[in-house]
Amino acid sequence: MRTLFLDPGGLRSELALQASTPVPDGLGGHTESWAEIATVFAKIEPVTATSSFGPDQTVETVTHRVTLRWRSGVASGMRFVRQGRIFDIVTVHDPDDIGRYLVCRARETGL
């Protein structure tokens, strides 16, 4: 397995890592409340961009590769927030299995 070499200076985008907490709505359902867990520095690279057409609307979706220093607890279903932009985490993996970095595939919708 190849070792991932990354210039630490590339991890310069400050992101808020958030997790969802279900809050009961009083009618048997729930709503999502997002709470910030940590502030991390990462490298964000756009990977793909698509447009979906629907009735009287277009939805733009961009996927990104987000690389950050390894930390426990990062999982799909969480999200990164940067200056009002929301990046939903789809996958998380350790590229070289030595616990230095995490690479997340994230989706940004509705640009």
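Below, the structure is looked at part by part.

Criteria and cut-off values
Residues numbered from 1 in each chain as written. Predicted model: local features only at pLDDT ≥ 70, side-chain atom pairs only at ≥ 80, totals over all residues. Heavy atoms only, no water. Helix = DSSP H or I, 4+ residues; strand = E, 2+ residues; numbered from the N terminus. Buried < 20%, exposed > 50% of the residue type's maximum accessible area, 1.4 Å probe, protein only. Contact = heavy atoms within 4.5 Å. Areas by Shrake-Rupley, 256 points an atom, 1.4 Å probe, with all protein chains shown as cover. Lys, Arg positive; Asp, Glu negative; His and termini not counted. Charge placed at Lys NZ, Arg CZ, Asp CG, Glu CD. Pairing = 2+ DSSP bridges. Polar contact = N/O pair within 3.5 Å; in protein donor to acceptor, adjacent residues only side chain to side chain. Axes fitted to C-alpha atoms, helices over the stretch in contact; angles between N-to-C directions.

### So, the overall build of the chain
Turning to step 1, where the next piece is worked out: Scanning the chain from N- to C-terminus turns up zero helices and six strands.
Turning to step 2, where the next piece is worked out: Going from N to C terminus, the chain has its helices and strands arranged as β-β-β-β-β-β.
Turning to step 3, where the next piece is worked out: The buried share of the chain, reckoned over its 111 residues, is 31%.
Turning to step 4, where the next piece is worked out: Across the chain, contacts joining residues at least 24 apart in sequence account for 52% of those joining residues at least 6 apart.
Turning to step 5, where the next piece is worked out: When the accessible surface of the chain is summed, it comes to about 7200 Å², and 51% of that surface belongs to carbon and sulfur atoms.
Turning to step 6, where the next piece is worked out: When the 12 basic and 13 acidic side-chain charges of the chain are each reduced to a single mean position, those positions are 8 Å apart.

### Structural notes on the pairing of strand β6 (residues 101-109)
Two faces belong to every sheet, and in a regular strand the side chains alternate between them.
Turning to step 1, where the next piece is worked out: Across nine bridges, the pairing between strand β3 (residues 57-69) and β6 is antiparallel. For Thr 63, the partnering residue across the bridge sits in β6 and is Arg 107.
Turning to step 2, where the next piece is worked out: The pairing of strand β5 (residues 85-93) with β6 spans five bridges and is antiparallel. Across the sheet, His 93 pairs through a bridge with Val 103, a residue of β6.

### Overview of the side chain of His 64
Turning to step 1, where the next piece is worked out: Structurally, the position occupied by His 64 is in strand β3.
Turning to step 2, where the next piece is worked out: Engagement of the side chain of His 64 in a polar contact is seen with the side chain of Glu 108, the distance being 3.0 Å.
Turning to step 3, where the next piece is worked out: Dropping the residues within four chain positions of it, His 64 is found in contact with Ile 44, Glu 45, Pro 46, Val 47, Arg 85, Phe 87, Cys 104, Arg 105, Ala 106 and Glu 108.

### Remarks on unusual backbone geometry
Turning to step 1, where the next piece is worked out: Within the chain, Gln 83 stands out as a residue other than glycine whose phi angle is a positive 50°.
Turning to step 2, where the next piece is worked out: When you line up the elements, Gln 83 lands in the loop between β4 (79-82) and β5.
Turning to step 3, where the next piece is worked out: Judged by relative accessible area, which is 71%, Gln 83 ranks as exposed.
Turning to step 4, where the next piece is worked out: One non-glycine residue, Asp 97, lies in positive phi territory at about 55°.
Turning to step 5, where the next piece is worked out: Within the fold, Asp 97 resides in the loop between β5 and β6.
Turning to step 6, where the next piece is worked out: Taking relative accessible area as the criterion, Asp 97 reaches 56% and is therefore assigned exposed.

### Focus: the sheet that holds strand β2 (residues 30-54)
Turning to step 1, where the next piece is worked out: One closed barrel accounts for six strands, arranged β1-β2-β3-β6-β5-β4; its pairing is antiparallel. Neighbouring strand axes in the sheet, compared pairwise and without regard to direction, differ in orientation by 45° on average.

### Concerning the side chain of Thr 63
Turning to step 1, where the next piece is worked out: Locating Thr 63 in the fold gives a position in strand β3.
Turning to step 2, where the next piece is worked out: Here Thr 48 takes part through its side chain, which lies 2.5 Å from a polar atom of the side chain of Thr 63.
Turning to step 3, where the next piece is worked out: In this structure Thr 63 touches Glu 45, Pro 46, Val 47, Thr 48, Ala 106 and Arg 107, once residues within four positions along its chain are discounted.

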